Number of protein chains: 2
Amino acid sequence: MVSAMRNPSPGHDTTTGATHGRTGRPRSAAADTAILAATRDALVDLGWSKLTMSDVSARAGVAKTTLYRRWAGKNELVVDAVAELFDALELPDRGSLEADIEYVVLQFADLLRRPEARTALMAVVAESTRDEALRDRIRSAIVDRQKRLVVLGRERAQARGELPYEEDEVLTGRTTDLIFDVIAGTVVHRALVSSEPVDECWVATFTALLMHGLLGPPQA
Amino acid sequence: MVSAMRNPSPGHDTTTGATHGRTGRPRSAAADTAILAATRDALVDLGWSKLTMSDVSARAGVAKTTLYRRWAGKNELVVDAVAELFDALELPDRGSLEADIEYVVLQFADLLRRPEARTALMAVVAESTRDEALRDRIRSAIVDRQKRLVVLGRERAQARGELPYEEDEVLTGRTTDLIFDVIAGTVVHRALVSSEPVDECWVATFTALLMHGLLGPPQA
DNA sequence: CTCTTACGCTACGACCCGTAGCGTAACTCC
DNA sequence: GGAGTTACGCTACGGGTCGTAGCGTAAGAG
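This one's a predicted model, so the numbers in the text were calculated from it and none came from an experiment.

(A) View of the packing of helix α1 (residues 29-46) of chain A against helix α6 (residues 115-128) of chain A. Residues and elements named next belong to chain A. Where α1 contacts α6, the two axes come as close as 8 Å, and the packing angle between them is 90°. Viewed along their axes, α1 and α6 adopt a mutual orientation that is roughly perpendicular. Listed contacts from α6 to Arg40, Leu43 and Val44 of α1 are Pro115, Glu116, Thr119 and Ala120. Here the residues of the contact of α1 with α6 sort into 4 nonpolar, 1 polar and 2 charged.

Below you can see the structure in the form of structure tokens.
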């Protein structure tokens, strides 16, 4: 749950348990999860453009007005629905930086094979080019949250001695951003724009390129 | 013009000059250019989701039915409209591989600053996740055509002695694809997903990473 | 001058949008 | 308990887009 409804919901979550400080009937938490699940189902069946609020409300067993009471529109709804998918990504220690990278790339590729993730991610980004608020929402709900993987992988590599420690915080942040964009961007482009398979062979080649890029300067 | 109308248009183009072998009144070439230009204008003003066929026809001074006679729908129309933008990319010889890369990255970033390119590219890719024909169209109209830049830059670098010659054709093709996805994907992700500026500072860092990635193996 | 095709225009049923209004349900505070 | 407050389901609505059909006219080819 990313909590960015148009209505109150001041604190963090909107469950039945959390009274959110107010009086009156609380929002149904079950409805939230049902709606988001219904949204993903609809994305699988219909794709982005043919997905309609009416259809989602029917699938979720909820009145259409309830959707509009919680989300401003299709865009916001879908961002929240997809953000949950990305949270499933993780990075177990595979023993080396190279293995860690290959693992996360393959995992990300698996995610992008899911039709609801493919169509929704691109569509929402497309809409965000004309909507500042939506851009911020994507950044906080997806981008910033997944950067944790890069940070974690890097720290591990430094602990292993594979990468040097960097003292400058600003530089560290920039490098993290760069690596994130390179990995996520390349995989997305390969899978969705070029429409080529992200198989182990390709991943190995890509990872090799990236490894050399990361280790290049000091060894030269 | 990418020529993939739903109707005849057998050969290549649909200009007044090219009789396209048939008798009868030929399609107006002026209408084609007017429609595609109107589509880009509408993308600037309205973005993808609010762009409507009716609006485009009005802007182009053309009947709505004429649009549907030439394009199957919004998706196909927009692909053709945007493909023309990408053809403006070029790669003058900047003297070194590094400079060539930086130049093309900055040029691509400029293109992605144009609102019609931003919104349309992502939206069309989103739709293509559920439409095989559209995927093929994107590949032939945009992806394959822009790979020429990678091929050209690589040949130049080889002529300069910056990169080794590769004999295996299959491997050459794979490397070309990889570099293309890395460059285009990373820039798109940085600009549109992460919503961070693609300035000269960032480009220099990215190019350095890529250079080390390309030169890594042999120098190690 | 005839044949063939493209064009512009109008009209159409179908669908979705986003909102308003109402009565009811659920929960808090007194 | 009741009063107050908020969420919910339902219905109905005007406004807009969709994609197509039908018709008369315009523009080249032979």
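(B) Region of interest: the relation of the copies chain A and chain B. Here chain A sits on chain B after a turn of 180° about the axis and a move of 0.0 Å along it, with an RMSD of 0.0 Å. Taken together, the turn and the small shift mark the pair as related by a two-fold rotation axis. Of all interface residues in chain A, 100% are interface residues in chain B too; the two copies therefore contact each other through one and the same surface.

(C) Focus on the protein's contact with DNA strand C. Taken together, 23 residues sit near DNA strand C, with Tyr68 of chain A together with Gly24, Arg25, Thr66 and Arg70 of chain B positioned nearest. For DNA strand C, the fraction of protein-proximal atoms (within 4 Å) that sit in sugar or phosphate groups is 59%. Contact distances for DNA strand C include 3.2 Å between a base oxygen and a backbone N or O atom of arginine 25 of chain B. Contact between DNA strand C and threonine 65 of chain B: a base nitrogen at 3.1 Å from a side-chain N or O atom of the residue. Elements with a contribution of two residues or more to the surface near DNA strand C: α2 (53-60) and α3 (64-70) of chain A together with α3 (64-70) of chain B. Per-element accounting of the surface near DNA strand C gives the leading share, 4 residues, to α3 of chain B. Classifying every residue of the surface near DNA strand C gives 6 nonpolar, 11 polar and 6 charged.

(D) Quick peek at the interface of chain A and chain B. Chain A puts 47 residues into the contact, and the matching count from chain B is 47 residues. Carbon and sulfur atoms make up 62% of the area that chain A and chain B hide from each other, which totals about 4000 Å². For the pair chain A and chain B, the interface holds 0 salt bridges. Summed over the shared surface of chain A and chain B, the number is 16 residue pairs in polar contact (both at pLDDT 80 or more). Of all elements in the fold, only α1, α6, α7 (132-160), α8 (169-193) and α9 (200-219) of chain A reach the threshold of two or more residues within the side of chain A that touches chain B. Per element, the largest residue contribution to the side of chain A that touches chain B is 13 residues, and it comes from α8 of chain A.

Rules used throughout
- Residues numbered from 1 in each chain as written.
- Chains lettered and ligands numbered in written order.
- Predicted model: local features only at pLDDT ≥ 70, side-chain atom pairs only at ≥ 80, totals over all residues.
- Heavy atoms only, no water.
- Axes fitted to C-alpha atoms, helices over the stretch in contact; angles between N-to-C directions.
- Helix = DSSP H or I, 4+ residues; strand = E, 2+ residues; numbered from the N terminus.
- Parallel < 35°, antiparallel > 145°, perpendicular 65-115°, else oblique.
- Contact = heavy atoms within 4.5 Å.
- Nonpolar A, V, L, I, M, F, W, Y, C, P; charged D, E, K, R; others polar.
- Least-squares fit on C-alpha atoms with pLDDT ≥ 70 in both.
- Near = heavy atom within 4 Å.
- Polar contact = N/O pair within 3.5 Å; in protein donor to acceptor, adjacent residues only side chain to side chain.
- Buried area = accessible area lost by both parts, 1.4 Å probe.
- Salt bridge = Lys/Arg side-chain N within 4 Å of Asp/Glu carboxyl O.

Taken by themselves, the reported measurements are silent on function.
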